[in-house]
Amino acid sequence: QVQLVESGGGLVQAGGSLRLSCTPSGRTLRTYAWFRRAPGKEREFVAALDGGYGTSLYADSVKARCIISGGSARSTVYLQLNNLKREDTAVYYCAASSRPPSNREADYDYWGQGTQVTVSS
């Protein structure tokens, strides 16, 4: 069984930075990812990381402002978000998969409960 626990969310001003953490327990999986759900919107992909090969995948909307790291040997997975905008306000979810990195929700078997990020102007 795999459990994912997110932390690091909170209230931040526009232009600021935040680092989210995802702590996995149980067996080690290949890919760890972050998704987010903004108020009134569908959940969307943010970033994914192949913990073994170190390859990463980013959504175009955050690519220039975001770094995903960690994830090897059951270590914590981080999502660094910089130059935050109001549209980054969302619940951020950590997900894990035994498959290669993907931007599709259906490819992820395990999910955390989410951590709220609120960006104020």
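Above this text you will find the structure in question.
Given the structure is predicted, the values throughout are model-derived calculations rather than measurements. (Residues numbered from 1 in each chain as written. Predicted model: local features only at pLDDT ≥ 70, side-chain atom pairs only at ≥ 80, totals over all residues. Heavy atoms only, no water.)

Student: Would you take a moment to explain the nonpolar core for this structure?
Tutor: Nonpolar side chains tend to gather and get buried jointly when the protein is soluble and globular. Trp34, Leu79 and Tyr92 are the most contacted members of the largest nonpolar core, which totals 35 residues. Sorting the residues of this core by element identifies β3 (18–25), β4 (31–37), β5 (43–50), β7 (66–70), β8 (77–81), β9 (90–97) and β11 (115–120) as the ones contributing at least two each. (Core = buried A, V, L, I, M, F, W, Y, C linked by side-chain atoms within 4.5 Å. Buried < 20%, exposed > 50% of the residue type's maximum accessible area, 1.4 Å probe, protein only. Helix = DSSP H or I, 4+ residues; strand = E, 2+ residues; numbered from the N terminus.)

Student: Help me understand unusual backbone geometry, please; the structure alone is not making it clear to me.
Tutor: Note: most residues except glycine have negative phi, and most peptide bonds are trans. The phi torsion at asparagine 83 lies on the positive side, around 45 degrees, for a residue other than glycine. In this fold, asparagine 83 is placed in the loop between β8 and β9.

Student: Would you mind showing me how to read the pattern of salt bridges here?
Tutor: A side chain of one charge can pair with a side chain of the opposite charge if their charged atoms are brought near each other. One pass over the structure, following the stated rule, counts 7 salt bridges. Among the salt bridges present, the one from arginine 36 reaches glutamate 44, with a minimum N-O distance of 2.7 Å. Since its relative accessible area comes to 6%, arginine 36 is described here as buried. One salt bridge in this structure joins glutamate 105 and arginine 43, with 3.1 Å as the shortest N-O distance. With a gap of 62 residues between them, glutamate 105 in the loop between β9 and β10 (110–111) and arginine 43 in strand β5 connect regions that are remote in the sequence. Owing to a relative accessible area of 30%, glutamate 105 belongs among the partly exposed residues under this scheme. Salt bridges sharing common partners tie together Arg36, Glu44, Arg65 and Asp88. (Salt bridge = Lys/Arg side-chain N within 4 Å of Asp/Glu carboxyl O.)

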